[in-house]
Structure formats: C-alpha cells, structure tokens
Amino acid sequence: MSDSVLDIAFGRPRHERPYHDVLGTVGWTPLIRLNRTAAGIRTPIYGKAEFMNPGGSVKDRIGPAIIEAAEREGRLLPGGTVVEGTSGNTGVGLALAAAIKGYRCVFTIPDKMSQEKVRLLKAFGAEVIVTPTAVAPDHPDNYVMMAKRIAEETPNAILANQFYNQANPEAHYRTTGPEIWEQTEGRVTHFVSAAGTGGTITGVGRYLKEKNPDVRIIGGDPVGSIIAGYWKTGVKPEGAPYKVEGIGQDKIPGTLDMSVVDEWRSVEDRDSMTMARRLTREEGLFVGGSAGLIAHVALQVAREIDDPDALVVFLLCDTGERYLTKVFNDEWMRENRLLEPARVRAADMVTGKGDGAPRELVSVSPETPVRQALGLITHHDVSQLPVLAEGDCVGHLAEASVMARVLEDMTLLDKSVQHLMEPPLPVVDSHVDLPGVTRLLSRQNPAVLVRRGGRLEGIITRHDVLRYLTDGR
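Note that the coordinates shown come from a computational prediction; the quantities given were computed from them, not determined experimentally.

**Q** Explain helix α4 (residues 115–123) to me, please; I cannot follow it from the model alone.
**A** Since there are 3.6 residues in each turn of an α-helix, residues three or four apart along the chain are aligned in direction. Those residues of α4 not exposed but buried are Glu-116, Lys-117, Val-118 and Leu-121. Turning to α4, the residues buried within the fold contact α3 (89–101), β4 (104–110) and β5 (127–131). Directly after α4, the chain includes Gly-125, whose backbone phi takes a positive value near 90°.

As structure tokens, this is what we get:
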C-alpha cells in the first residue's frame with residue numbers, strides 16, 4: 001500500500017459538512033505511518049491516532065455508546081447521573097456525551113493517575129473522587145467498588161460499568177474495526193493494542209477476524225498486570241504496582257474476550273515511557289505511556305515479521321497532554337527510575353556536587369604542616385586531601401587516618417604532611433564515564449582525581465558516587 005493512498009480517508013473528505021454537535025466528530029481517526037522509530041524495519045507500521053478524537057482518547061468512542069444504550073433501555077432518564085470508576089479517559093468520553101445530553105457525572109479515579117486527568121474531568125463539570133490505588137479489587141475504597149456504591153445510593157443514576165458493559169466492545173466492533181479495515185483496504189495483517197477494560201482489543205479483534213481469520217491480534221500488557229500471565233497459564237497471578245496508566249489489570253474484565261487475542265506480551269514501564277517520548281520527539285505523535293507500550297510491542301512484531309507485504313496497525317490511545325507532570329517530566333521520570341540513564345562523565349560528577357562543595361580542588365604540598373592541612377579539611381568539610389607537587393599527585397591525606405595518628409601523637413601537628421601522607425590517588429581524564437570512575441574506587445583508593453587539559457581540577461570520593469546514585473540523578 002502506498003503512503004499516498006493512506007493520505008486520505010478513501011474518498012471521505014474530512015469535515016465536509018458542519019456537525020450537529022461535538023459527538024459527530026468522534027471516530028474516523030487517521031492512520032499514521034511510523035518512520036524514524038521504525039528505521040530499518042521493512043514491515044510497514046501504522047498508528048491509529050485516537051488522540052485526535054475531540055476528548056483526546058480512544059475512550060471517546062465508548063462514552064456516547066454507553067449512555068445511548070442506557071437511554072434506549074430506559075435506565076437513564078432526563079436529569080439523571082452517570083457514575084463510573086475511571087482512569088480518566090473514559091470519564092472524558094462520558095463527560096462529553098453528558099455535556100451534550102444534560103446529565104450529571106460523578107467519577108472515582110485512582111490516585112496514581114495524573115493531575116491533568118483529574119483537572120480535565122472537573123473542567124467538564126464532573127465531580128471527581130480520588131481513591132487509593134494500593135487496595136484490593138474488592139476493597140470498599142477501590143475506585144470501581146466505590147463507583148458501584150455511589151450509583152446504588154444515588155436516585156436516577158446509572159453505573160457506566162465499562163469493565164462489564166458490552167456496549168464498550170460493541171462500539172469498537174461497529175466503528176474502530178471497520179475504520180481500520182477500510183483505511184488499509186483490507187490489507188491489515190496484525191493489530192496491536194492493550195487492555196484496560198479490553199473493549200478495544202475485543203471489538204476490533206472480533207471485526208477484523210470476521211473479515212479475515214488470519215489477522216493476528218496481539219496485546220501488550222504492563223509488567224505487574226495479570227492479563228498476560230493469565231492468558232499464558234489460565235491461572236491468575238499476583239499483580240504488582242506499575243506506572244503506565246489506563247491499561248493492565250488486577251482482575252479480568254468482563255468486556256475482555258481472551259479468545260480473540262492470539263498473543264500477549266509484557267512490557268516494562270521504562271520501555272513504555274521511553275517509547276512515548278520517542279514517538280513525540282521523532283514522529284511528532286504526542287501520546288501517553290499506554291501508546292508507548294503498544295508501539296513498543298508493534299515495533300517488536302514488525303521487526304520479527306520482516307515482510308514488506310505485511311501491515312501492522314497499532315493503537316495510539318491518548319494525548320500526551322494528560323502526562324506532562326509524569327511521562328514528560330524528567331524529575332518524575334528520574335524519581336521513578338524510568339529515565340534512560342545518561343552517560344555521566346567524571347567532569348559532571350565534579351560540577352554536580354552541590355552548593356556546599358569547594359569550587360576548586362583543595363590540596364596541599366608535601367611541605368605543608370599537618371596542623372594547616374587539618375584546618376583545610378575542617379574548613380572545607382572534605383574527607384580526602386590530595387598532596388600535590390608540581391601539579392602531580394604524590395600522596396593524599398585521609399581525614400580519619402590523620403586524626404587517629406595525631407590523637408596518638410600531638411607532636412605530629414607541627415610536622416609536614418609528607419610524614420603522614422598515604423599513596424597517591426588515581427587520576428582520570430574529565431571525559432571518563434561513571435563506570436570508569438567506580439572501577440578505580442576501593443578500600444585502598446577512597447577517591448580519584450579528575451584531570452582536564454593536563455591540570456588536576458577535582459576529586460570524586462566513594463561518598464560522592466553513592467550520593468549521586470541515591471539522589472536518583
């Protein structure tokens with residue numbers, strides 16, 4: 001399939017006529033080919049840009065579908081309330097429809113979700129109750145259990161029940177699946193998604209397999225979720241915390257049809273977040289961590305297929321604007337050990353010691369009195385003091401060792417440091433990386449000196465390295 005064919009929605013002019021309301025703009029999101037992130041991969045890979053829905057996510061499709069189904073069934077009457085436990089995006093989809101139709105919304109949301117999502121729901125007029133993430137699925141404070149209780153206690157209210165409401169996968173069977181089939185002219189061979197509720201992968205998978213049973217449906221799952229493990233073994237494993245939002249589960253949703261999926265792959269948080277950043281910086285696709293996870297799997301699959309006649313479609317779930325304080329925040333990424341480690345040089349270690357550290361290398365000559373050397377150690381709060389002669393290290397003083405010897409023999413205070421100094425410290429050039437520095441640190445070598453342009457300009461101790469690592473830099 002040529003790119004030019006995919007540049008238009010096959011004869012459907014975009015926004016040719018005005019819409020009655022914003023719900024008319026949901027769906028018919030474009031397929032966008034990966035280029036730089038897929039360099040060297042022969043299999044074409046296209047992302048279904050669900051972040052271009054009016055509410056910014058794939059969940060815009062199920063919000064109206066759930067509300068309209070409740071209206072048809074007579075369960076939701078004018079002036080009623082829509083209640084749901086949501087990771088944020090379903091709430092937006094429901095709030096969009098509720099705003100048009102005049103319903104009140106009450107949402108419960110786990111506290112691991114970004115503040116952007118909470119504020120966005122409130123912007124639509126929804127009432128938002130934040131619940132603890134670290135509770136069991138059946139705990140009263142679990143966001144799903146709390147939503148059920150609120151719906152039961154509120155007159156003229158419905159629980160959207162996205163995890164068990166069959167209007168959820170049905171919406172994708174009627175819209176997302178047919179769009180992908182038409183946009184690829186029936187040439188899609190692999191569809192990659194993930195499962196929060198499982199509605200997308202179930203609905204799209206059912207439709208595509210009806211059109212062509214050979215289409216493979218592949219799911220990505222965060223490490224810590226139980227879905228992939230359950231699919232592989234038939235036994236529900238113990239779940240564990242993970243940082244990717246909106247996908248993965250600690251239970252198996254009723255809207256997830258496992259029989260539709262041909263394969264599940266588990267992905268680490270770091271890989272998911274890193275790929276989300278790459279999609280933004282290399283492809284201009286501003287998406288969240290769930291899309292990063294799915295793209296990571298799609299690239300794996302495409303690389304393994306290695307067939308230019310195959311065609312991989314994957315889901316770009318939601319906009320990266322929901323994750324500015326998380327996925328796209330270097331400080332949060334570092335705190336959670338999710339940022340790819342940068343190459344740290346010896347020079348970076350010297351300049352990154354903080355405001356309390358000496359700006360220049362503190363040293364003494366072999367003739368310096370021990371009394372004066374101890375004064376420098378105390379004044380600058382250093383543990384290792386190099387002894388330099390003509391710019392080279394000829395020895396060093398270790399604070400603990402010098403103090404112990406002086407306390408035994410006070411006459412040493414007036415002797416020169418050459419009587420107490422220990423062997424010279426090793427020297428590294430400023431461009432040497434952190435592993436190169438740490439290899440030289442030992443009980444015998446408590447510090448290394450850093451040289452730039454032939455001049456010794458800094459010192460790195462074992463304590464400096466430990467503090468650097470534990471600060472999460």
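Structure's up, so let's keep going.
**Q** So what exactly am I meant to see when it comes to the sheet that holds strand β8 (residues 216–222) here?
**A** The pairing of strands in a sheet happens through backbone hydrogen bonds and is either parallel or antiparallel. Pairing is mixed in the open sheet, where six strands are placed in the order β1-β2-β10-β7-β8-β9. Edge positions in the sheet fall to β1 (31–33) and β9 (263–267), since each has one partner strand and no second. The average angle at which neighbouring strand axes cross in this sheet is 30°, direction not considered. Note: strand β7 (residues 190–194) against strand β10 (residues 312–316), three bridges, orientation parallel. Bridge assignment links Phe-191 to a residue of β10, and that residue is Val-313. Running at roughly 140° to strand β2 (residues 45–49), helix α6 (residues 167–183) makes contact with β1, β2, β7 and β10 of the sheet. Sheet strands in contact with helix α10 (residues 289–305) are β2, β7, β8, β9 and β10, and its direction is about 170° off that of β10.

**Q** Sorry if this is basic, but what is going on with the pattern of salt bridges here?
**A** Two side chains that carry opposite charge are able to pair once their charged atoms sit near each other. This model, assessed by the stated rule, comprises 24 salt bridges. Between Glu-263 and Arg-216 there is a salt bridge whose closest N-O contact spans 3.6 Å. Residue Glu-263 is found in strand β9, and its partner Arg-216 is found in strand β8; the two are separated by 47 residues along the sequence. Using a relative accessible area of 33% as the deciding quantity, one classes Arg-216 as partly exposed. Residues Glu-263 and Arg-265 are paired through a salt bridge, measuring 2.7 Å at the closest nitrogen-oxygen approach. Residue Arg-265 is classed as buried on the basis of its relative accessible area, which comes to 13%. Among the charged side chains, a network of salt bridges with common partners joins Lys-48, Glu-50, Arg-61 and Glu-179.

**Q** Help me out: how do you make sense of the pairing of strand β12 (residues 392–398) in this one?
**A** Looking along a regular strand, one sees the side chains alternate between the two faces of the sheet. With five of its seven residues buried, β12 lies for the most part within the structure. Summarising the sheet, strand β11 (residues 384–389) and β12 pair through six bridges and their orientation is antiparallel. Each bridged residue has a counterpart across the sheet, and for Gln-384 the counterpart in β12 is Ala-398. Between β11 and the antiparallel strand that follows it, β12, lie two residues; Glu-390 among them carries a positive phi value of about 55°.

**Q** When you look at unusual backbone geometry in this model, what are you seeing that I'm missing?
**A** Most of the time, phi is negative for any residue but glycine, and the peptide bond is trans. In this structure, Trp-28 takes a positive phi of about 50° despite not being glycine. Of note, Trp-28 is situated in the loop between α1 (3–6) and β1. Of note in the backbone geometry, Asn-156 takes a positive phi value of approximately 55° without being a glycine. Within the fold, Asn-156 resides in the loop between α5 (143–153) and β6 (157–159).

**Q** It is not clear to me how the sheet that holds strand β13 (residues 427–429) should be interpreted in this structure. Could you clarify?
**A** A sheet is described by the order of its strands in space; here three strands give the open sequence β13-β14-β15, paired in mixed fashion. Single-partner strands in this sheet number two, and they are β13 and β15 (455–461). If you compare each strand with its neighbour and ignore which way they point, the axes differ by 35° on average. Bridging between β13 and strand β14 (residues 447–452) involves three bridges; their strand directions are parallel. Bridge pairing in β14 places Asp-429 opposite Arg-451.

**Q** I keep staring at the environment of Glu-185 and nothing clicks. Help me out?
**A** Assignment of secondary structure puts Glu-185 in the loop between α6 and β7. Note on Glu-185: relative accessible area 47%, which makes it partly exposed. The spatial distance from the C-alpha of Glu-185 to the C-alpha of Glu-245 is 32 Å, given a sequence separation of 60 residues.

**Q** Help me understand the packing of α6 against helix α7 (residues 199–211), please; the structure alone is not making it clear to me.
**A** A pair of packed helices can be characterised by two numbers: the angle between their axes and the separation between those axes. Their axes nearest at 7 Å, the elements α6 and α7 cross at an angle of 50°. Overall, the two elements α6 and α7 adopt an arrangement that is oblique. Every pair of crossing elements has a handedness; the one defined by α6 and α7 is right-handed. Contacts from Asn-168, Pro-169, His-172, Tyr-173, Thr-176, Gly-177, Pro-178, Ile-180 and Trp-181 in α6 reach Gly-199, Thr-200, Thr-202, Gly-203, Val-204, Arg-206, Tyr-207, Leu-208, Glu-210 and Lys-211 in α7.

**Q** When you look at the domain arrangement of the protein in this model, what are you seeing that I'm missing?
**A** How big an interface is tends to be stated in terms of accessible area lost as the parts join. Assigned domains of the protein: these are domain 1 (26–340) and domain 2 (346–471). Inter-centroid distance (C-alpha atoms) of domain 1 to domain 2 is 54 Å.

**Q** Is there a simple way to explain the packing of aromatic side chains in this structure?
**A** Given two aromatic rings, one states the distance between the centres and the angle between the planes to describe the pair. Enumeration over the complete set of coordinates arrives at two aromatic pairs. Centroid distance Tyr-173 to Tyr-207: 5.7 Å. Interplanar angle 75°. Geometry classified as edge-to-face. Of this pair, Tyr-173 sits in helix α6 while Tyr-207 sits in helix α7, and the two are 34 residues apart along the sequence. Using a relative accessible area of 15% as the deciding quantity, one classes Tyr-207 as buried. Between Phe-286 and Phe-328, the ring centres sit 5.0 Å apart and the planes meet at 65°, which makes this aromatic pair edge-to-face.

Calculation criteria
- Residues numbered from 1 in each chain as written.
- Predicted model: local features only at pLDDT ≥ 70, side-chain atom pairs only at ≥ 80, totals over all residues.
- Heavy atoms only, no water.
- Buried < 20%, exposed > 50% of the residue type's maximum accessible area, 1.4 Å probe, protein only.
- Helix = DSSP H or I, 4+ residues; strand = E, 2+ residues; numbered from the N terminus.
- Contact = heavy atoms within 4.5 Å.
- Pairing = 2+ DSSP bridges.
- Axes fitted to C-alpha atoms, helices over the stretch in contact; angles between N-to-C directions.
- Salt bridge = Lys/Arg side-chain N within 4 Å of Asp/Glu carboxyl O.
- Parallel < 35°, antiparallel > 145°, perpendicular 65-115°, else oblique.
- Left-handed = near helix turned anticlockwise from the far one by under 90°.
- Domains from an automatic or database assignment.
- Phe/Tyr/Trp six-rings, centres within 6.5 Å; stacked < 30°, edge-to-face > 60°.

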